[in-house]
Amino acid sequence: MLTVAMAGLAVLVGTILQRISGAGVGLVVAPVLSLLIGPAHGVLVTNAVTTVSGATLTVQAWKRINWRRYAVIVISALFGLIPGAFLVARLPAAWLQIVVGGVVLLGLAVTVGLRRLPPAPELPTNIITGVAGGLLNVTAGVAAAAMVVNARLTRWAQSSYAATMQPVFATLGLCSVIAKLATGVGAGEGWPSPWLAVAALAAVFLGAWLGGIAAKRVPASTARTLALSLAALGALAAVVRGVLEL
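Below is a summary of the structure that appears in this document.

**As for the packing of helix H6 (residues 122-140) against helix H8 (residues 158-183)**
- Contact pair H6 / H8: the axes reach a minimum separation of 9 Å and the direction vectors enclose 60 degrees. The orientation of H6 with respect to H8, classified from their angle, is oblique. Both H6 and H8 take part in a crossing whose hand is right-handed. In this structure, H6 uses Gly133, Asn137 and Val138 to contact H8, whose residues at the interface are Leu172, Gly173, Ser176 and Lys180.

**Details of the packing of aromatic side chains**
- One pass over the full model with this rule turns up three aromatic pairs.
- Where Trp156 meets Tyr161, the ring centres are 5.6 Å apart and the plane angle is 70 degrees; that geometry is what we call edge-to-face.
- Judged by its relative accessible area of 10%, Trp156 falls in the buried class.
- Three or more aromatic residues joined by ring pairs make a cluster, and in this case those are Trp62, Trp67 and Tyr70.
- Geometry around Trp156 places Arg69 over its ring, the cationic atom sitting 3.6 Å from the centre.

**Regarding the nonpolar core**
- Within the largest apolar cluster, 35 residues are counted, with the highest numbers of intra-cluster contacts made by Val142, Met147, Tyr161, Met165, Val168 and Phe169.
- With seven residues, helix H4 (residues 67-90) is the largest single contributor of residues to this core.
- Core analysis: the second largest hydrophobic core is formed by 14 residues, Val4, Val11, Leu33 and Ala200 among them.

**Points about the environment of Thr3**
- Residue placement: Thr3 occurs in helix H1 (residues 2-21).
- Along the chain, Thr3 and Leu196 lie 193 residues apart, while their C-alpha atoms are 7.9 Å from each other.

**Description of H6**
- For H6, built from 19 residues, the straight-helix expectation of 27 Å at 1.5 Å per residue is met to within 8% by its first-to-last C-alpha distance of 25 Å.
- Of all the residues in H6, the buried ones are Thr125, Asn126, Thr129, Gly130, Gly133, Gly134, Leu136, Asn137, Val138, Thr139 and Ala140.
- Gly141 sits one or two positions beyond H6 and adopts a positive phi of about 75 degrees.

**Regarding the pattern of salt bridges**
- Applying the stated rule across the entire model yields two salt bridges.
- Measuring nitrogen to oxygen at the nearest pair gives 2.9 Å for the salt bridge that ties Arg68 to Glu122. With Arg68 in helix H4 and Glu122 in helix H6, this pair connects stretches of sequence that are 54 residues apart.
- With its nearest N and O atoms 3.8 Å apart, the salt bridge here joins Arg69 to Glu122. You can see Arg69 sitting in helix H4 and its partner Glu122 sitting in helix H6, a full 53 residues away along the chain.

**What about the packing of helix H3 (residues 39-61) against H8?**
- Axis separation between H3 and H8 bottoms out at 7 Å; the angle between their running directions is 150 degrees. For the element pair H3 / H8, the angle class is roughly antiparallel. The hand of the H3/H8 crossing is left-handed. Touching Val43, Leu44, Asn47, Ala48, Thr50, Thr51, Gly54, Ala55, Leu57, Thr58 and Ala61 of H3 are Ala163, Gln166, Pro167, Phe169, Ala170, Gly173, Leu174, Ser176, Val177, Lys180 and Leu181, all from H8.
- Its residues placed into classes, the contact of H3 with H8 shows 13 nonpolar, eight polar and one charged.

Conventions used here
- Residues numbered from 1 in each chain as written.
- Predicted model: local features only at pLDDT ≥ 70, side-chain atom pairs only at ≥ 80, totals over all residues.
- Heavy atoms only, no water.
- Axes fitted to C-alpha atoms, helices over the stretch in contact; angles between N-to-C directions.
- Helix = DSSP H or I, 4+ residues; strand = E, 2+ residues; numbered from the N terminus.
- Parallel < 35°, antiparallel > 145°, perpendicular 65-115°, else oblique.
- Left-handed = near helix turned anticlockwise from the far one by under 90°.
- Contact = heavy atoms within 4.5 Å.
- Phe/Tyr/Trp six-rings, centres within 6.5 Å; stacked < 30°, edge-to-face > 60°.
- Buried < 20%, exposed > 50% of the residue type's maximum accessible area, 1.4 Å probe, protein only.
- Lys NZ or Arg CZ within 6 Å of the ring centre and 35° of its normal.
- Core = buried A, V, L, I, M, F, W, Y, C linked by side-chain atoms within 4.5 Å.
- Expected span 1.5 Å × (residues − 1).
- Salt bridge = Lys/Arg side-chain N within 4 Å of Asp/Glu carboxyl O.
- Nonpolar A, V, L, I, M, F, W, Y, C, P; charged D, E, K, R; others polar.

Written as structure tokens, this is what we have:
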């Protein structure tokens, strides 16, 4: 039950941060669940959680969503999702743990380090970051790393970016789950307790409600900083655990 409680708490925190800043569920939840239930199932459950959280938050952000950019990003992401799913299905658990943590850390480094990026044209940037986001999402559950770079390169307004990311994350999460189940990810391993799914689902809805309240009081920049800090700690722990299990 400790595992269930910790997973629920991670989902709750991630959903609150995502409601405020536009991203947070994948960054926070993927490293934590990888440590708790293993990297294959951890990222798979993260994908399922982002599907539900993204769909829930889409309803709240509907009027601010840029559906044209959503379509370009999601279609492009499919070209990264499929090869990524085959990769995950064939990597040993220890190496997958290192990949998950390493991808999160690399994404965070890019997000934090490249603050003064030159402006880039919208369409090619959407396509390139869409492919990268699909690959990152299916392997590590962190499409947000590529999406933050997209927003900075194209000078995407925060309100529209945060809103559009919700259906993007929901769609990529669902496609990642389907691709992984089709390629046999997690087959032969013991599945986590069904109570973990119940706790995660409850945490998503509670987090969306609490996040709506917090969004009126907490600056998006503060929520983003906290999400990046928590993600860095979880990713580092995942890398260390993977190295020790080699």
